[in-house]
Amino acid sequence: MQDSGFRKNRLGLMGWLSGGRYGVERYAYTLHRLTGLAILVYFLLHVFVSSSRALGEGTWNTVMGYLDSPVFKVGEFLIYLAFAYHALNGIRLVATELGFFLGTPRQPVFPYSNSVKRQRPVLVVVMVVAAVIVILGGVDFLRAFPGE
Amino acid sequence: MIEPAGPKQGEKTDEIVKNVKFKVLRFDRDTTPSPRVDSFEVPVKKGTTVLDALHYIKENLDASLSWRFSCRMGVCGSCGMFINGFPRLACNTQVLELKADVIDLKPLPNFDTIKDLVPDLAVLFEKHRSVRPFTLRKDMAEVDKPSGEFFQSTEEMERYLQFTYCIKCGLCMAACPTVATDAKYLGPQSLTQAHRYNVDTRDEGRTERKDVALGPHGAFRCHFAGACSEACPKGVDPAFAIQLMKRDAFKGSLGLLRKRKASEVAPKLTSGKRMEGVPDAPERTV
Amino acid sequence: MRTRESTLWTWHLIAGVLILVLLGIHMFIMHLGDFFGTVEGDALAFSSVMERSRDAAFAVMYVLLLGAALYHGLYGLRTIIFELNIPEGAERVITVLFVLAGVALFLMGAYGTIAVYGARVGV
């Protein structure tokens, strides 16, 4: 096929991160993906770690001892943060992708309202709840560092 | 109350408010195969649009600058480009409302660039065609040679009316993060049109569209980033249409989607008398 | 009125909601135990872990959570990969690979849970 000579102008992965001056939902989407990937990686390791209980108390304690270092504790907290965001934003996505909180189709009259603007309060609410979950979990994690 | 952007009563309209620098990305496969940015100083008056500025540049500064335009009033969808980091129609964008002294003009992203600010929209039209954006009925004979109007109530029309306002400008495709990476993704424009016909009571083509619209590069690759609705210059709200389509798909997956009856041809009047002095209808041309 | 993709996506949502509930319970036990009095002492101590593993309700919950999370996570990863312009034939291959990986991980994790539930490990 003859090359048209036109310049390729697809944004590629940069289009997920930036791509222009858009509203917060576009970046909420990127963060949802990042947190999802992080949780997936953690989860796959977690299945292996958790299954070590079947190998007896000795193995379990060895594994737990290995994971007791501050690096792992901080990492686990980061995953906890990721979970809080992903779960709460996920609630918003399940609701809105099934058509809730989006309003009804209507004649467009300038200045246009749109479903994304109409569902923004839902985003605010879920982020507030996520923040509460993060604070509660944060207090618990801090207990793992006595005296620090 | 929206203040109109133009001049007020008695206001002088010919005054140059300021000079604005336009930085335009240039490309030409023969003369400028490696893109470069050209700067132009344009005097801007109240009411000058980006399209006006481009005309000024072409007429006074650089006649080789290329872009698409037609109606100059926001209904044809030709002049879509990336203006200061956001996809807009050049004719619909007042330079002074951008509140900047430097304006970055780039061709619409996620489409190949033919030259300078001209995007290749062929892919947009191909994807649009692939969702079969026309009335599909079991009795296509009625659609091709109609015997009368299809009955449709105002409520039924309002379920899809908003989505008919699409002018195929491609701004939504430029905004969408999935279109940015996935070349096969149908994109907000065609998915909205698929939904527009699916909920039109005159249409019975939902099943015929589903393999494309609900396939591996259809509606489920939308993640409600909402940038398409933000960018749309006509208030079509494509994100809304896609989420509504996903709702129907969800119900369909669980067997909960009610099959609706397609609208019928409105019955001809069988009684009543023509009023005095009202002429006959003209002969059919179709 | 369904396609394969619409069915897969529907299950993705259902799995997500299931995870919300089950993982929420898991969080209450593992990280919020002191606050809400759901767990006594260290939730990670072997004895505590075993106590829960012996409980039929917990075993069922963990197996369900494992299945839902594996499905939800792998479908999500498949979606990301599908949006990165992979060649035509690769789509089928990826789907099959993920199904195999998911089933394998599920069997492994479920075995771990059920074996402990049934056996006298660590007693």
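Analysis parameters
Residues numbered from 1 in each chain as written. Chains lettered and ligands numbered in written order. Predicted model: local features only at pLDDT ≥ 70, side-chain atom pairs only at ≥ 80, totals over all residues. Helix = DSSP H or I, 4+ residues; strand = E, 2+ residues; numbered from the N terminus. Contact = placed C-beta atoms within 7 Å. Nonpolar A, V, L, I, M, F, W, Y, C, P; charged D, E, K, R; others polar. Domains from an automatic or database assignment.

**Student:** Describe the overall build of chain C, listing the residues and the values that go with them.
**Tutor:** Secondary structure assignment for chain C yields five helices and zero strands. Helices and strands in chain C line up, N terminus first, as α-α-α-α-α. Considering only residue pairs separated by 6 or more positions, chain C has 70% of its internal contacts joining residues 24 or more positions apart.

**Student:** Quick one: what's the story with unusual backbone geometry, residue by residue and with numbers?
**Tutor:** Cis geometry marks the peptide bond from A:F110 to A:P111, where omega comes out at -5 degrees. Relative to the helices and strands, A:P111 resides in the loop between α4 (70-97) and α5 (115-118). The backbone of B:N110 shows a phi angle near 70 degrees, a positive value even though the residue is not glycine. Topologically, B:N110 is positioned in the loop between β5 (102-106) and β6 (113-115).

**Student:** Can you tell me about the interface of chain C and chain B, naming the residues and giving the values?
**Tutor:** With 14 residues of chain C at the contact, the number on the chain B side is 21 residues. A total of five residues in the side of chain C that touches chain B trace back to one element, the largest contributor, which is helix α1 (residues 4-30) of chain C. Of the residues belonging to the side of chain C that touches chain B, the class tally is four nonpolar, six polar and four charged.

**Student:** Before we move on, could you go through the domain arrangement of chain B and cite the residues and values that matter?
**Tutor:** All names here are of chain B. Domain boundaries assigned for chain B yield domain 1 (16-119) and domain 2 (122-253). With centres defined by C-alpha atoms, the gap from domain 1 to domain 2 works out at 30 Å. Taken residue by residue, the interface counts 15 residues in domain 1 and 13 residues in domain 2. When residues in the side of domain 1 that touches domain 2 are grouped by element, the largest group, three residues, is from strand β4 (residues 86-89). Here the side of domain 1 that touches domain 2 is built from residues that sort into nine nonpolar, five polar and one charged.

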